[in-house]
Amino acid sequence: MNTYGDREEKIRAAARRKRRNNSTVKVVFAMLGCLVLLVAVMYGGLTLIDRYVHRNQDDVPAMADAIQNQPQDSVDVVSDAVVYSQEELDAKIAEAVLAAQNLEADRVLEGIKTSLSEGTTTVETLRPYYPDDIVVVSGGKFHFVPINRELELNTLDKANLNILESGEFQYLTDGQVISHKGIDVSSHQGNIDWNLVAQDGVEFAIIRVGYRGYGSEGRLVVDEKFEDNIKGAKAAGIKVGVYFFSQAINETELLEEANLVLEQIAPYSIECPVVYDVEKTSAAGRMNAISVEDRTHLTQLFCQTIENSGYKPMIYHNTEMGALLINIAELENYDKWYASYSDQMFYPYEYKIWQYSDKGKIQGISTDVDLNISFAPIWE
């Protein structure tokens, strides 16, 4: 018998087992580390990590027990092998999760500090941390409105937004500008040289027909520049649509508004939509106090009346109105004109026109003017 050779072989076997056991432990903790990191990345915030940990806390002991109960050689391991009991392994896992939570907390807090320091508004700072909600301020409070993903969502990508030195927005696809330049005007813009407007590249104009007053009487008013503006824009080759600023609080008033619009546009060829401007005013607007159901119903009634007369209706609204003050799900069949003076492209639902500024400068207009882009020709 070769006793010396047998002893050497036993030593080498023991060393192999040591390396194997150490490797197994390293692999286990590497897997656990990856699991923790994946949880942190996928859920992106402390609240979501906490939910994950609590939801899966019953699975952690089972996973650890399964790892510990892997079949092992019956031969004794070398004395310096690293072995953990169930309790010790649970503690290691909890320690790793806590470390990930602390790292995520630091990341979130640093992100908030950086955003606010750069002058970003509080609401825009919060939005990235709540991807499933529309975050909007209304009545001095922050509202978190769940996004209804059964509705048609927009597919716009901020990476495709091009902002010129002039402040003008363009939207690109495959490097090509696909958006169309537009403005909306009223008597506030005074006398307009529409030929100069056309030379500035404006393709469409949404012109105010009229409005209803804020006061209790709610008097109907035809915009004093409507006729001049629609004639001037059409003569300059600019596509035209119209809008009415509503303050109707019942069906009778709403039909008065719709009929006024139809009477005023009858002499003209209207290529672009006829828009219902539904807004909550900063003043004591008559429409401010009505319910979401009534406001939604009146919006539907205007659109139906316009559509029945052979025109294409559209609804103008901002984030607050779209998220809180009308039931957007009941109005999904109508095109939207969305107002937001930011480059964040935050609003989740589909819209045809984006009013992105009320401080635009256009040749032929002496005042500031609202700037818009449409993402497809709205006159087709």
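Everything below is about the structure shown above.
Throughout what follows, the structure given in this document is the object of discussion.

So, how was this worked out
- Residues numbered from 1 in each chain as written.
- Predicted model: local features only at pLDDT ≥ 70, side-chain atom pairs only at ≥ 80, totals over all residues.
- Heavy atoms only, no water.
- 1 Å grid on protein atoms, 1.4 Å probe; cavity = no way out; pocket = protein on both sides within 12 Å on 5 of 7 lines; lining within 4 Å.
- Points joined across faces, edges and corners; volume = space filled by probe spheres on them.
- Patch = residues over 30% accessible without salt bridge, like charges linked within 9 Å, V, L, I, M, F, W, Y side chains within 5 Å.
- Areas by Shrake-Rupley, 256 points an atom, 1.4 Å probe, with all protein chains shown as cover.
- Salt bridge = Lys/Arg side-chain N within 4 Å of Asp/Glu carboxyl O.
- Helix = DSSP H or I, 4+ residues; strand = E, 2+ residues; numbered from the N terminus.
- Expected span 1.5 Å × (residues − 1).
- Buried < 20%, exposed > 50% of the residue type's maximum accessible area, 1.4 Å probe, protein only.
- Contact = heavy atoms within 4.5 Å.
- Polar contact = N/O pair within 3.5 Å; in protein donor to acceptor, adjacent residues only side chain to side chain.
- Axes fitted to C-alpha atoms, helices over the stretch in contact; angles between N-to-C directions.
- Left-handed = near helix turned anticlockwise from the far one by under 90°.

Brief notes about empty space enclosed by the protein
Reasoning step 1: Scanning the entire structure with this criterion turns up one cavity of 30 Å³ or more.
Reasoning step 2: In this structure, the largest cavity occupies an estimated 80 Å³ of space.
Reasoning step 3: Leu151, Glu152, Ile328, Glu332, Lys336, Tyr349 and Glu350 are the residues that line the largest cavity.

Some points on a nonpolar patch on the surface
Reasoning step 1: Taken together, the side chains of Tyr130, Val137, Phe142 and Phe144 make up a nonpolar region of the molecular surface, amounting to roughly 340 Å² of accessible area.
Reasoning step 2: Assignment of secondary structure puts Tyr130 in the loop between helix H5 (122-126) and strand E1 (133-138).

Here we look at helix H8 (residues 251-265)
Reasoning step 1: Its 15 residues give H8 an end-to-end C-alpha distance of 21 Å, which sits within 8% of 21 Å, the value for a rise of 1.5 Å per residue.
Reasoning step 2: The set of residues buried in H8 consists of Glu253, Leu254, Glu257, Ala258, Leu260, Val261, Leu262 and Ile265.
Reasoning step 3: Packed against the buried residues of H8 are strand E7 (204-212), strand E8 (220-222), helix H7 (226-235), strand E9 (239-245), strand E10 (274-277) and helix H9 (292-308).
Reasoning step 4: The opening residue of H8, the one whose side-chain oxygen lies 3.2 Å from the backbone nitrogen of Thr252, is Asn250.

Focus: the pattern of salt bridges
Reasoning step 1: Under the criterion given, the structure shown has 15 salt bridges.
Reasoning step 2: With a closest N to O distance of 2.8 Å, Glu257 and Arg212 form a salt bridge. Within this pair, whereas Glu257 is found in helix H8, its partner Arg212 is found in strand E7, the two being separated by 45 residues in sequence.
Reasoning step 3: Given a relative accessible area of 0%, Glu257 falls into the buried group.
Reasoning step 4: Residues Arg286 and Glu253 are paired through a salt bridge, measuring 2.8 Å at the closest nitrogen-oxygen approach. Of this pair, Arg286 sits in the loop between E10 and H9 while Glu253 sits in helix H8, and the two are 33 residues apart along the sequence.
Reasoning step 5: Classification of Arg286 as buried rests on a relative accessible area of 13%.
Reasoning step 6: Assessed through its relative accessible area of 11%, Glu253 is described here as buried.
Reasoning step 7: Through salt bridges with shared partners, one network takes in Glu168, Lys181 and Asp200.

Here we look at the packing of H8 against H9
Reasoning step 1: For the pair H8 and H9, interaxial distance at closest approach is 10 Å and the crossing angle is 30°. Remark: the crossing between H8 and H9 carries right-handed chirality. Side by side, H8 and H9 meet where Glu251, Leu254, Leu255, Glu257, Ala258, Val261 and Leu262 of the first sit next to His297, Leu298, Leu301, Phe302, Thr305 and Ile306 of the second.

Regarding the environment of Thr155
Reasoning step 1: Within the secondary structure layout, Thr155 lies in the loop between strand E2 (141-146) and strand E3 (161-163).
Reasoning step 2: Residue Thr155 is classed as exposed on the basis of its relative accessible area of 74%.
Reasoning step 3: A sequence separation of 195 residues divides Thr155 from Glu350, and the C-alpha atoms of the two residues are 7.7 Å apart.

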